[in-house]
Amino acid sequence: MVLIDKTARRHRWDTRFAPYGYVAPYFLIFGVFGLFPLLYTVWVSLQDRNLLESDAASLVWFDNYAKLMADPYFWNAMGNTLSLWLLTTVPQILFALFIAQLLNRKVRTRTLFRMGVILPNITSVAAVTIIFAQLFGRDFGLINWVLDLFGAGNIDWQAGTATSHIAIAVMVVWRWTGYHALIFLASMQAIPSTLYEAATLDGANGRQQFWRITVPLLRPQIIFSTIIATTGNMRLLAEPLLFNPGAAAATGGSDRQFQTAALYLYEQGFTNYDFGYSSAIAVVLAIATVIVAGLGYLVTKRIRTE
């Protein structure tokens with residue numbers, strides 16, 4: 001009887017506490033590499049701290065945030081960030097839906113095409129940016145060569161705000177569209193074929209089936225991809241940094257025309273060595289990302305496909 005009681009007690013403890021043990025490694029890793037850096041960043045943002053002289057840091061509370069709210073360069077960077085977010089997120093989702101729809105059809109070598117769409121995503125972001133910077137070159141770029149054939153003339157893609165944003169957006173869209181397309185493709189293959197068969201019998205054509213059956217059933221995946229794309233596009237750094245390589249790369253152009261918030265953070269933290277001020281930028285950028293992602297979630301959730 002004593003042995004049975006011990007076995008039953010051990011079984012109850014295992015049933016009650018084992019699940020916590022299974023998830024404990026995740027929370028431990030998240031606490032060390034996620035929560036602690038976040039809290040430490042908030043703490044540093046309340047200080048006047050030089051990156052090279054951390055021992056001389058002093059607590060200034062919210063002075064960095066007050067300075068940030070009155071900083072025109074910061075608001076310029078936030079405006080560029082939101083512009084690039086719009087130019088990258090919307091095309092990514094639309095192109096990914098279109099590509100997934102094409103790959104979902106029964107065509108020859110479709111496995112090869114499915115593998116091909118993910119190749120840009122596994123390519124080094126530095127290599128992608130350098131190559132696209134050459135393509136969008138003012139004097140010898142391939143894009144300007146093609147435009148010149150149609151009489152459009154040479155465009156200095158780096159000089160203007162709109163042109164530089166378009167060039168950077170093309171890089172991001174090219175690199176990440178395939179990733180979202182595979183997510184949509186996997187979800188499309190889980191949609192019962194009987195729904196399309198019934199719609200065909202009712203006289204619905206392919207376009208109507210796509211917008212009234214496929215897209216509504218993909219709404220959870222569209223919301224997921226929108227949030228993932230938002231969190232990535234709100235913190236663009238490598239693309240604008242390498243688009244204009246050189247001593248002034250951190251400024252995002254001669255007039256800061258494509259300097260994002262993440263790039264401005266980089267400039268303050270690793271060029272001016274103002275660790276406290278750059279941490280304040282990081283906190284505000286994180287809050288802005290959550291807000292924009294939330295708005296994107298609400299908009300995506302309310303989209304009607306009728």
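If you're wondering where the values come from, they're calculated on a predicted model, not measured in any experiment.

## Examining the overall build of the protein chain
Scanning the protein chain for helices and strands turns up 13 helices and two strands. For the protein chain, the C-alpha radius of gyration of 25 Å lies well beyond 19 Å, the compact-globule estimate for 306 residues. Principal-axis analysis of the C-alpha atoms gives the protein chain an extent of 75 × 65 × 35 Å. The 306 residues of the protein chain split such that 37% are buried. Charged side chains in the protein chain number 22 positive and 17 negative. The centres of these two groups are separated by 18 Å.

## Regarding the pattern of salt bridges
Evaluated as defined, the whole model comprises two salt bridges. As a salt-bridge pair, R138 and D156 come within 3.8 Å of each other at their nearest N and O atoms. With R138 in the loop between α5 (125-135) and α6 (142-149) and D156 in the loop between α6 and α7 (161-188), this residue pair connects regions lying 18 residues apart in the sequence. We note a salt bridge from R256 to E267, for which the minimum N-O separation is 2.8 Å. Highlighted residues: R256 in the loop between α11 (238-243) and α12 (261-270) and E267 in helix α12, separated in sequence by eleven residues. Per residue, the accessibility class of R256 equals that of E267, and both read buried.

## Section: the domain arrangement of the protein chain
Split into domains, the protein chain comes out as domain 1 (2-38) and domain 2 (71-301). Computed from C-alpha atoms alone, the centre-to-centre distance between domain 1 and domain 2 is 40 Å.

## Re the pairing of strand β2 (residues 53-59)
Here strand β1 (residues 47-50) runs beside β2; their pairing, made up of three bridges, is antiparallel. Considered in β2, the bridge of Q47 is made with L59.

## Quick look at the packing of helix α8 (residues 193-201) against helix α9 (residues 206-217)
Interhelical geometry of α8 versus α9 gives an angle of 155° and a closest axis separation of 11 Å. Regarding the angle of α8 to α9, the classification is roughly antiparallel. Considering how the two elements wind past one another, α8 and α9 form a crossing that is right-handed. Listed contacts from α9 to L195, Y196, A199 and T200 of α8 are Q209, I213, T214 and L217. Class assignment for the residues of the contact of α8 with α9 results in five nonpolar, three polar and no charged.

## Let's talk about the environment of A262
In this fold, A262 is placed in helix α12. Taking the relative accessible area as the measure of exposure, A262 reaches 10% and is therefore buried. Each C-alpha atom, one on A262 and one on P240, is 9.6 Å from the other, the two residues being 22 residues apart in sequence. Not counting the four nearest positions on each side in its chain, A262 is found in contact with R235, L236, L237 and L285.

## Details of unusual backbone geometry
With a phi close to 60°, W61 is a non-glycine residue in the positive phi region. Following the sequence through the fold, W61 ends up in the loop between β2 and α2 (63-69). Even without being glycine, R256 reaches a positive phi, approximately 55°.

What counts, and where the lines are drawn
Residues numbered from 1 in each chain as written. Predicted model: local features only at pLDDT ≥ 70, side-chain atom pairs only at ≥ 80, totals over all residues. Heavy atoms only, no water. Helix = DSSP H or I, 4+ residues; strand = E, 2+ residues; numbered from the N terminus. Rg over C-alpha atoms; globule rule 2.2 N^0.38 Å. Buried < 20%, exposed > 50% of the residue type's maximum accessible area, 1.4 Å probe, protein only. Lys, Arg positive; Asp, Glu negative; His and termini not counted. Charge placed at Lys NZ, Arg CZ, Asp CG, Glu CD. Salt bridge = Lys/Arg side-chain N within 4 Å of Asp/Glu carboxyl O. Domains from an automatic or database assignment. Pairing = 2+ DSSP bridges. Axes fitted to C-alpha atoms, helices over the stretch in contact; angles between N-to-C directions. Parallel < 35°, antiparallel > 145°, perpendicular 65-115°, else oblique. Left-handed = near helix turned anticlockwise from the far one by under 90°. Contact = heavy atoms within 4.5 Å. Nonpolar A, V, L, I, M, F, W, Y, C, P; charged D, E, K, R; others polar.

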